[in-house]
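Each chain, written out:
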Amino acid sequence: MADFYKRIFPFICALGLLITLSQMGCKRGGDGAGTSQISLASELNKLCDVQQFSTKPLGMAKLASSADPTGANRDWAQPSRIAEDGSLTILEAEGPGCIRRIWMTAQSPLKWMIYFDGETSPRIEGVYEPKEDVAADHPNQVFKKPLFGSASGGYYSYVPIPYEKSIRIVAVEGFQSSVKRPYYQVNYETFPEGTNVESFPRRLSGAMLEQVGKAAEAYSQISKVVPEAVDASSAGSALLEAKPGQASIWLEEAGAKILTGFSVQIDPDEKLSASERALCLRNLVLEIRWDGNESASVSAPLGDFFCNPFYFRSFNSLPMESNAGVLKSRFEMAFLKSATGIIKNNGPVPVELKVEITLAENPSAEPYYFHANFRQLDSVNAPAGKPLTVLKAKGRGHLAGTYLYALGTDGRSWAILEGDEIKYIDNDLKPSLHGTGLEDYFNGAWYYKGLSHLPHSGLLEKSGMRTSQYRFHGMDAIGFNERISYDFEFGHELGATGPPNQVQGYMSTVAYWYQDTPTAAGELPSVEQLRPVDPFQVQRTMSGIFELEAIGHYKEAMERCEIMSQMIGSHPWAKLFAERSKMYAPLLKGNDQVSIADKAPIVFCQTPHRGTVYWNGNPIAKTETGSRLYQVEVSKMNATSIIAVQVDRARSEDWLLGGIYLDGEVQNSAETWEISAKKPSDWPQCILNDNWQPCINPKMSLPTMGHWQFEPNTLVGAQSGFIQVRPFANSPETSQASVVYLRRKVEVE
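What you see is a predicted model, and the numbers here were worked out from it, not measured in a lab. (Residues numbered from 1 in each chain as written. Predicted model: local features only at pLDDT ≥ 70, side-chain atom pairs only at ≥ 80, totals over all residues. Heavy atoms only, no water.)

Novice: Quick rundown of the overall build of the protein? Include the residues and the values.
Specialist: Per the secondary structure count, the protein includes twelve helices and 44 strands. Over its C-alpha atoms the protein spans a radius of gyration of 28 Å, differing by no more than 12% from the 27 Å that the globule rule assigns to 749 residues. Projected onto its principal axes, the C-alpha coordinates of the protein cover approximately 85 × 70 × 55 Å. Across the 749 residues that make up the protein, the buried fraction comes to 59%. Pairs at least 24 apart in sequence give 79% of the contacts found in the protein among residues at least 6 apart. Put simply, the protein shows about 30100 Å² of open surface, and 49% of that area lies on carbon and sulfur atoms. With 71 positive and 85 negative side-chain charges, the protein shows a spacing of 2 Å between the two charge centroids. (Helix = DSSP H or I, 4+ residues; strand = E, 2+ residues; numbered from the N terminus. Rg over C-alpha atoms; globule rule 2.2 N^0.38 Å. Buried < 20%, exposed > 50% of the residue type's maximum accessible area, 1.4 Å probe, protein only. Contact = heavy atoms within 4.5 Å. Areas by Shrake-Rupley, 256 points an atom, 1.4 Å probe, with all protein chains shown as cover. Lys, Arg positive; Asp, Glu negative; His and termini not counted. Charge placed at Lys NZ, Arg CZ, Asp CG, Glu CD.)

Here you go:
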């Protein structure tokens, strides 16, 4: 203890107590009638304010969704809810209140009409950013990206939409067709009677337009606009050594204060191997106790708390971030008497930690205490039909966020994400908030399409049937006065009419919430129990690497390869992962130590169909499986060379990618793939232009639903772009063919 104080006392003294007017500013809580007016302007001001998470909600959270009320998995709006004219009433609610979040998929946001206060004409016609020919003061000008947009397959909006008397949302797309399956969720808050609310304006003033622009800019640059208490510290940091089996104190404060932020860096001098550092994320346990309580109110593996359970993954959200190995929390954590924070090392090796904290005075006599717990469940070893209980709490408080790690282990489907999130608030006997699917709750859709990280939600990993995702509730906090019960279902097949929790898999969560009294977060499983069995860990790794490459996170992709090569040891693929990790060096900024120029060009092709690949008329490879990238070095390149592929229909999935790889990167050709349902007269030279038609780019990417297990290779970037061709779905002619012919001209300067 004495050594700890010697290290951290100068840091605390130099830092002092950060008290600013912004920390004492506008709050959401109150008695309704006594609060300042709630308007579009007031709510936009709070959207990027980190204090929103610790502030007591003024009203009660509600959710209108298309969830199947029977508990089956038909979570789209059923025909019985569709009007004769094909319209669908999404929400009808009495005021005063405010819409906090909109999510939808399988429908057009242009068709959502929003009516206010009993009016017969909508003030908002479509939840989208208007085109240039729309008037500057049009209400839709409030929908600026990224306040709304598309993330990982789902359409979302965090534009606050207040209403004084009532609100009605109607989708007028024409849902008579049974083919259309509209999914939606609308989070809204109902305020106490008498709350002073100004409804969403009919027209936007110049000042409001300026404020909308500033809010959108802040939302897109959250790391620059959020007060960075940790980064602003000029007092240095404390270095701790977490020895195996011991706990290190990183926080010990007395009095009424607020922990406004803290950061932890694991192994700052990089003495450990990549795999050893990754194991620390669950071997290290974070605990925080408030006001002298014996039980920890925050208890979670350190990595899980920061949405990084098994690998370091950089992201930036409103209340926390991970950047260059530094894990930062911006959740405000108030206490009246004392705060004690420790980090336990349950691993086999000593770990150095660099910790920084910031504090402010606590002006509240009745603070809400921050809590975080960890829960996990393996459905294979659980009773049939059992969901994962994310949180059960008694008292008064509000849910501020959830992190989920999901792992499907049956090797057949992605249906682990087909479970719903269900919340019971206070004494409700039926679900108070019932969602439509786990990826929907996290603002994704269709088992996610692409990684993302936004201020309030993000998909950090998609690797086969393994996903890592977060959602933080700021203005859409879920309040409770007596208790909350919160479950994640294990999924069942899409469209199934039976009960949920049928899929084999593992899920773990961290719930973040505030409560009026400190309560126990619960005990953690043993280190051994924190390592879920993943029967497809090696096979699904490459699909996760493709996703990282697609967003330019090459350093993390390189680390995944290093970790896998170290972990699997004698596996035949270990060497390939190690070799691939070296290929990222030229792509990392400022790294010119490795050159891979002057290598022979490589022709590559991948498809689930059987096929024969030709290079300038010569056969060079045959494709047999979609899990392998076929690659062949070629010694000769003409001014214009031609890759040709004869494709024999063989699989239900229909796609193909291919090209030329030179000097460490995929060479983009000015010409796209061309296709013919008839054998060209000069096949396989393919110089003549008879019968060739341009291919339609399907804008698909790997992994697909049917292909998520891939062999490793050293062609970095070859599989992380869009799939270029769907050979048998390209045209009516190719759809009837059993064999099609493809060519691509390659011009390399």
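Novice: Outline the pairing of strand 34 (residues 610-615), supporting the account with residue identities and numerical values.
Specialist: Within strand 34, five of the six residues are buried, which leaves it mostly tucked inside the rest of the structure. Bridge analysis of strand 34 against strand 37 (residues 641-648) gives six bridges, and the strand direction is antiparallel. Note that in strand 37 the partner of Gly611 across the bridge is Val647. The antiparallel hairpin formed by strand 34 and strand 35 (residues 618-623) contains two residues in its connecting segment, where Asn616 sits at a positive phi of about 50 degrees. (Pairing = 2+ DSSP bridges.)

Novice: Please set out the pattern of salt bridges residue by residue, giving values where relevant.
Specialist: Within the structure shown, the criterion is met by 25 salt bridges. One salt bridge in this structure joins Glu43 and Arg100, with 2.8 Å as the shortest N-O distance. Highlighted residues: Glu43 in helix 2 (residues 40-46) and Arg100 in strand 3 (residues 97-105), separated in sequence by 57 residues. Like Glu43, the residue Arg100 is buried in the burial classification. The salt bridge involving Glu119 is made with Arg202; its shortest N-O contact spans 2.5 Å. Of this pair, Glu119 sits in the loop between strand 4 (112-116) and strand 5 (124-125) while Arg202 sits in the loop between strand 10 (183-190) and helix 3 (206-220), and the two are 83 residues apart along the sequence. Residues joined in a network through salt bridges with shared partners are Glu461, Arg466, Asp534, Arg540 and Arg560. (Salt bridge = Lys/Arg side-chain N within 4 Å of Asp/Glu carboxyl O.)

Novice: Just give me the short version of the state of the cysteines, but keep the residues and values in it.
Specialist: Working definition: the covalent bond between the sulfur atoms of two cysteines is a disulfide. Within the structure shown, the criterion is met by zero disulfides. Sulfur of Cys605: no disulfide; nearest cysteine sulfur belongs to Cys695 and is 12 Å away. Relative accessible area serves as the criterion here: at 2%, Cys605 is assigned to the buried category. (Disulfide = S-S within 2.5 Å.)

Novice: Go over the sheet that holds strand 38 (residues 657-662) with me, naming the residues and quoting the values.
Specialist: Reading across from one edge, 36-33-38-39 is the order of the four strands in this open sheet, with antiparallel pairing throughout. Every interior strand has two partners, whereas the edge strands, strand 36 (630-633) and strand 39 (665-667), have only one. Each adjacent strand pair in this sheet contributes to an overall mean axis angle of 35 degrees, direction not counted. Bridge count for strand 38 against strand 39 is three bridges, and the pairing is antiparallel. Counterpart to Ile660 in the pairing with strand 39 is Gln667. (Axes fitted to C-alpha atoms, helices over the stretch in contact; angles between N-to-C directions.)

Novice: Outline the environment of Arg466, supporting the account with residue identities and numerical values.
Specialist: Residue position: Arg466 is located in strand 29 (residues 466-472). Along the primary structure Arg466 and Trp250 are separated by 216 residues, whereas in three dimensions their C-alpha atoms are 33 Å apart. There is a polar contact of 3.2 Å between the side chain of Arg466 and the side chain of Glu461. (Polar contact = N/O pair within 3.5 Å; in protein donor to acceptor, adjacent residues only side chain to side chain.)

Novice: Outline the nonpolar core, listing residues and values.
Specialist: Across soluble globular proteins, you tend to see nonpolar side chains buried next to one another. In terms of nonpolar packing, the biggest core is built from 172 residues, with Ile161, Trp250, Phe305 and Tyr512 touching the most fellow members. Once residues lying within four places of it in the same chain are set aside, the contact partners of Phe305 are Phe262, Leu286, Val298, Ala300, Met320, Ser329, Met333, Phe370, Ala372, Val510 and Tyr512. Judged by nonpolar contacts, the second largest core, of 20 residues, contains Val603, Trp615, Ala621 and Cys695. (Core = buried A, V, L, I, M, F, W, Y, C linked by side-chain atoms within 4.5 Å.)

Novice: Got a sec to walk through the sheet that holds strand 25 (residues 421-425)? Specific residues and values, please.
Specialist: The strand order across the open sheet built from four strands is 23-31-25-26, with neighbouring strands paired in antiparallel fashion. Here the strands that pair on one side only, and so sit at the sheet edges, are strand 23 (388-394) and strand 26 (433-434). Across six bridges, the pairing between strand 23 and strand 31 (residues 483-488) is antiparallel. Across the sheet, the residue bridging to Lys394 is Arg483, located in strand 31.

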